[in-house]
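# Secondary and tertiary structure notes
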Amino acid sequence: QGALVRPTECTPAIPILQTLLGEENRSAQADALAILRAIGDADPGAIAPLADDIVPYLSSNIISVRREASKCISEIADECPEDAVDAVPALAAIIEDEANSLSYAVYALSRISREYPEAVKPVAEPLGEVILDDSLSDTVRLNATAGLGRVVGEHPSIAVEIVDDVTTLFSAENPQLQNNAIALIGDVS
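Residues numbered from 1 in each chain as written. Predicted model: local features only at pLDDT ≥ 70, side-chain atom pairs only at ≥ 80, totals over all residues. Heavy atoms only, no water.

## Section: the overall build of the protein chain
Scanning the protein chain for helices and strands turns up 14 helices and zero strands. Each helix and strand of the protein chain, ordered N terminal to C terminal, gives the series α-α-α-α-α-α-α-α-α-α-α-α-α-α. The C-alpha radius of gyration computed for the protein chain amounts to 17 Å, which stays within 12% of the reference 16 Å derived for 189 residues, consistent with globular compactness. The dimensions of the protein chain, computed from C-alpha atoms along their principal axes, are 50 × 30 × 25 Å. Sequence separation of at least 24 residues holds for 62% of the intrachain contacts in the protein chain that already meet a minimum separation of 6. (Helix = DSSP H or I, 4+ residues; strand = E, 2+ residues; numbered from the N terminus. Rg over C-alpha atoms; globule rule 2.2 N^0.38 Å. Contact = heavy atoms within 4.5 Å.)

In structure tokens, the structure reads:
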């Protein structure tokens, strides 16, 4: 409870939370991840050293655990992308599974791509599918276009196959989504 009210005061508990992640008690794992996420909201750098401990929970079959782990990794990726790079395959699996934590996975990949576009390159196809899925929120699609755009900036040929589909976004209602689509096509050309 204290982590939600005063998360920065809970940083001394991080080693204990790390121990709880290793426990077999799923409730303790979910609680530990929720507290780490609250701490990460205030200070992502404080939980960044635990990224390797959090990544396995991205593939949990327990929705709340996967969601909390995804939120933690997205917080880490925002400020410390170097600590989140190893999460890329698990984040890609979340997108491919269309899991309820997809928005956090896309955001994390977008943030990782700022400094490590090469690491996000294997996820180009799923990000392209997110961009074209108009059932998703504009925010999720914007994060996907930003992440894919950075990868395409380094490897333009990987988006050649989706050019025709991306051009349909030129008439999107969201002007930022239009601009991202135009920039993406510009990088490909």
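## What to know about the pattern of salt bridges
Applying the stated criterion across every chain, the model contains three salt bridges. The partner of arginine 37 in a salt bridge is aspartate 41, with the nearest N and O atoms 3.5 Å apart. With a gap of four residues between them, arginine 37 and aspartate 41 both fall in helix H3 (residues 26–42), about one helical turn apart. Judged by relative accessible area, aspartate 41 falls into the partly exposed class, the value being 42%. Salt bridges sharing partners connect three or more residues here, namely Arg37, Asp41 and Glu68. (Salt bridge = Lys/Arg side-chain N within 4 Å of Asp/Glu carboxyl O. Buried < 20%, exposed > 50% of the residue type's maximum accessible area, 1.4 Å probe, protein only.)

## Section: the confidence of the model for the protein chain
When pLDDT drops low, the exact placement of atoms in the prediction is not to be read closely. Taken over all residues, the pLDDT of the protein chain has a mean of 87, while the share at 70 or more is 95%. Across residues 1–5, where pLDDT falls below 50, the model places six contacts with residues more than four positions away in sequence or in other chains. (pLDDT = per-residue confidence, 0-100.)

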